[in-house]
Amino acid sequence: MPQSTTEEIKSKLNILDVIKEYIEVKPAGAYHKARCPFHNEKTPSFMVSPDRQIYHCFGCGEHGDVFTFVQKMEGLDFPEALRLLAKKAGVEIRAEDPRIRNERTKLSDIVRFASRVYQEQLRRLPENHPVKEYLKQRSITPEVIETFQIGFAPDSWDSLFEALKKKNVRQEDALAGGLLVRKDDGNGFYDRFRARLMFPISDVHGTIVGFGGRVIPTLEARCLGKEAAKYINTPQSPIYNKSGILYGLHLAKNAIRTKKKVVVVEGYMDCIAAHRCGTEHVVASSGTAFTEGQAKLLKRFTDTVLVAYDMDEAGIAASARGVSVLLREGMTVRVVSLPDKKDPDDVIRENPILWKEAIEKPKLFVDFAFDQTLKNRDLGNVEDKKAVAGVLMPLIANLGNDIEQTHYLQKLSASVQVDESVLRNALHAVKETAPHARRNSSDTEKKKSFENLPELELLSVLIKNPGFYVHVHEKLALDAITNSDLRTLYTLLQNQYNESHELNIESLRTKIFEDTSTQGLVTYLDIAELGSARLPEHTDNMGAQLVNAMMRDYYRAVLKRLATQIHNAEQSGDKQKMAGLMSEHDKHTRELQKFTSNM
């Protein structure tokens, strides 16, 4: 897209407002800070500059503008982020422009067209049709149908196939979008969804990415076999990733923010019924265990999750892994108890007040798990003790708070009559074998990003206190700066100081930006400026320590190189060269001692 289009979007969107839609940020002087959404941290190291329209994390090194942030948070490429932000900013872009066309945006358009076809098919059905009768029985009104964009795939092998053909949609593209199935003989395609009520599945922004199709019990269909599944979903595709989707979230997100909690049900009908009766902070997991992607998605809106589906002992065991994902994200998980193991949809149709009361008095998931797991157990039996611990220990292991963890370990110890120290040792074993533990350990081994280099921290000190450059100018050798871009930047600083005997960062920024060969260095100034906001008022001591550390590293590297050269000279018998190298080695050793004595 032309630069003017991206700049127009940026001019109409404040990066701070966009970031606030995803995470909680707090003022920090002229800047804002938050816990980074891209890695787990307890102390906020994610900084936002509304003036510069940038963000930077001093923990993991993530950095960028509003486009970069949305791309990273949503898992989008630039054209998709552009379309999303253009819509948010009210900026019109040409959808047919090849620069914003890609595989995913093309598939999104095809799936959206299919949804319109299914909706039109439902509208055309007579009022006495089994599908319309079924919807009435489930209290699905025309308004609800419109809100959730419910449709119908007719009893036909090629109804959608023909509609797509008239629209000149490539069959391979419709196949990639999960709408068609290739015939067994490999020749041709047929509709994936046939004789089913169609529930469009949207991402958090309301873009339709797939479908769930439900068989209607009273509808006799030629295209369905006797063993047809009650529900089928769009398969995994470039635009539909079920591990990162929650049904109804695009409709529920504002109510979730207002209520500061989300209720998670299993099925589409449960979610629709909840919205119909006025409890709009409800989403559906579509029967799958929570994934890390879904947990992070929910955490953008709330820290409290209420689970409202069958939670007998088997249900707890099945849900433990998914709930553990939520607990690892530091979320509070509670259970909504419904009477007689009924689905939310049944309860709401019979007595919506009962539903509303139930979601107002949920029980903490771990407490609920204890009650259900201990029920009807013979805790004098070692097998029952092991079974109880097998369900509850993974949950306790994933509690992020040490006090909570100790509380439940003590409770389990008293329940199964096993010493707490034994359980705690077992808890360490559970943590070490957990998949997330292995991921985290590998994360810590990641290469240190360049943003965390001491020379960049020193630049933050200079922005905070330009007068400190006198000390830097006297002691810091340019060769001690290991990053070539930052070495260039410090050379420009040095030149400015030599000319004017002062340091003016804003003047330097303007000069750098006007020169196309150095424009890329502005990013370092941006990061350093955000870093300066995190520094204390007095930074001279910190700056001196950074200079000393950089010079120590520099001289140690020089001495290591000289040691190798001395060894080579000795091996070759070149005594004159060896004597010169030894003298140089002694000189640098004395210089190193100056900076080591300052430790």
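Okay, so let's go over this structure.

## With respect to the overall build of the protein chain
In step 1: The helix and strand inventory of the protein chain stands at 27 helices and 16 strands.
In step 2: Judged by the C-alpha coordinates and their principal axes, the protein chain covers about 100 × 70 × 55 Å.
In step 3: Across the 599 residues in the protein chain, those meeting the buried criterion constitute 47%.
In step 4: For the protein chain, long-range pairs separated by at least 24 residues make up 63% of all intrachain contacts whose partners lie at least 6 apart in sequence.
In step 5: Counting every atom, the protein chain has about 30,100 Å² of accessible surface; 48% of that belongs to carbon and sulfur.
In step 6: Separation of charge centres in the protein chain, based on 83 positive and 82 negative side chains, amounts to 2 Å.

## Quick word on the sheet that holds strand S10 (residues 208-215)
In step 1: Within the open sheet, the four strands sit side by side as S6-S9-S10-S11. Their pairing is antiparallel. Either end of the sheet is taken by a strand with one partner, and the two such strands are strand S6 (151-153) and strand S11 (231-233). Strand-to-strand twist of the sheet, defined as the mean angle between neighbouring strand axes without regard to direction, takes the value 35 degrees.
In step 2: Pairing analysis gives seven bridges linking strand S9 (residues 196-202) to S10, with the strands arranged antiparallel. Residue leucine 197 lies in a different strand from S10, and its bridge partner there is arginine 214.

## Section: unusual backbone geometry
Note on backbone geometry: most residues besides glycine have negative phi, and most peptide bonds are trans.
In step 1: Within the chain, serine 139 stands out as a residue other than glycine whose phi angle is a positive 60 degrees.
In step 2: Of note in this structure, alanine 195 is not a glycine but carries a positive phi near 55 degrees.
In step 3: With respect to the element layout, alanine 195 can be found in the loop between strand S8 (189-191) and S9.
In step 4: You can call alanine 195 buried: its relative accessible area is 1%.

## Some thoughts on a positive patch on the surface
In step 1: A surface patch of positive charge is lined by Lys26, Lys33, Arg35 and Arg534.
In step 2: Note on placement: arginine 35 falls in the loop between strand S2 (31-34) and strand S3 (46-49).

## Quick word on helix H4 (residues 78-89)
In step 1: Helix length check: H4, at 12 residues, gives a terminal C-alpha distance of 16 Å against a target of 16 Å (1.5 Å per residue), a fit within 8%.
In step 2: Just beyond H4, the residue with positive phi is glycine 90, at close to 75 degrees.

## Let's talk about the sheet that holds S2
In step 1: One open sheet holds the five strands; their spatial order is S1-S2-S3-S4-S5, and the pairing between them is antiparallel. This sheet does not close on itself; its edge strands, each paired only once, are strand S1 (26-28) and strand S5 (63-64).
In step 2: By the bridge criterion, four bridges tie S3 to strand S4 (residues 54-57) in an arrangement that is antiparallel. Considered in S4, the bridge of phenylalanine 46 is made with cysteine 57.

## With respect to the packing of aromatic side chains
In step 1: Under the definition given, this model contains 19 aromatic pairs.
In step 2: Aromatic pair tryptophan 157 and tyrosine 190: ring centres 5.4 Å apart, planes at 80 degrees, arrangement edge-to-face. Taken together, the residues tryptophan 157 in the loop between S6 and helix H8 (159-166) and tyrosine 190 in strand S8 connect sequence positions 33 residues apart.
In step 3: Judged by relative accessible area, which is 44%, tryptophan 157 ranks as partly exposed.
In step 4: Judged by relative accessible area, which is 21%, tyrosine 190 ranks as partly exposed.

## Details of the packing of helix H16 (residues 365-374) against helix H18 (residues 402-416)
In step 1: For the pair H16 and H18, interaxial distance at closest approach is 12 Å and the crossing angle is 10 degrees. Our classification of the angle between H16 and H18 gives roughly parallel. In contact with Val366, Asp367, Phe370 and Leu374 of H16, H18 contributes Tyr408, Lys411, Leu412 and Ser415.
In step 2: By residue class, the composition of the contact of H16 with H18 is five nonpolar, one polar and two charged.

## Overview of the state of the cysteines
In step 1: A complete count under the given rule lists zero disulfides for this structure.
In step 2: Here cysteine 60 is not disulfide-linked; the sulfur of cysteine 57 is the nearest cysteine sulfur, at 3.7 Å.
In step 3: Of all cysteine sulfurs, the one in cysteine 277 lies closest to cysteine 271, which takes part in no disulfide; the gap is 11 Å.

## Brief notes about H16
In step 1: The element H16 is largely enclosed, with a buried count of eight among its 10 residues.
In step 2: Inspection of H16 places Phe365, Val366, Asp367, Phe368, Ala369, Phe370, Gln372 and Thr373 among the buried residues, and these make up the whole buried set.
In step 3: Of the residues trailing H16, asparagine 376 is marked for its positive phi of about 60 degrees.

## What about the pattern of salt bridges?
In step 1: Scanning the entire structure with this criterion turns up 35 salt bridges.
In step 2: Linking glutamate 329 and lysine 296 is a salt bridge whose minimum nitrogen-to-oxygen distance equals 3.2 Å. Taken together, the residues span a long stretch of sequence, with glutamate 329 in the loop between helix H13 (313-328) and strand S15 (332-335) and lysine 296 in helix H12 (residues 292-299) at a distance of 33 residues.
In step 3: For arginine 349, the salt bridge identified is with aspartate 346, shortest N-O distance 3.0 Å. Residue arginine 349 and its partner aspartate 346 are both found in helix H14 (residues 344-350); the two are separated by three residues, about one turn of the helix.
In step 4: With a relative accessible area of 25%, aspartate 346 lands in the partly exposed category.

Criteria and thresholds
- Residues numbered from 1 in each chain as written.
- Predicted model: local features only at pLDDT ≥ 70, side-chain atom pairs only at ≥ 80, totals over all residues.
- Heavy atoms only, no water.
- Helix = DSSP H or I, 4+ residues; strand = E, 2+ residues; numbered from the N terminus.
- Buried < 20%, exposed > 50% of the residue type's maximum accessible area, 1.4 Å probe, protein only.
- Contact = heavy atoms within 4.5 Å.
- Areas by Shrake-Rupley, 256 points an atom, 1.4 Å probe, with all protein chains shown as cover.
- Lys, Arg positive; Asp, Glu negative; His and termini not counted.
- Charge placed at Lys NZ, Arg CZ, Asp CG, Glu CD.
- Pairing = 2+ DSSP bridges.
- Axes fitted to C-alpha atoms, helices over the stretch in contact; angles between N-to-C directions.
- Patch = residues over 30% accessible without salt bridge, like charges linked within 9 Å, V, L, I, M, F, W, Y side chains within 5 Å.
- Salt bridge = Lys/Arg side-chain N within 4 Å of Asp/Glu carboxyl O.
- Expected span 1.5 Å × (residues − 1).
- Phe/Tyr/Trp six-rings, centres within 6.5 Å; stacked < 30°, edge-to-face > 60°.
- Parallel < 35°, antiparallel > 145°, perpendicular 65-115°, else oblique.
- Nonpolar A, V, L, I, M, F, W, Y, C, P; charged D, E, K, R; others polar.
- Disulfide = S-S within 2.5 Å.

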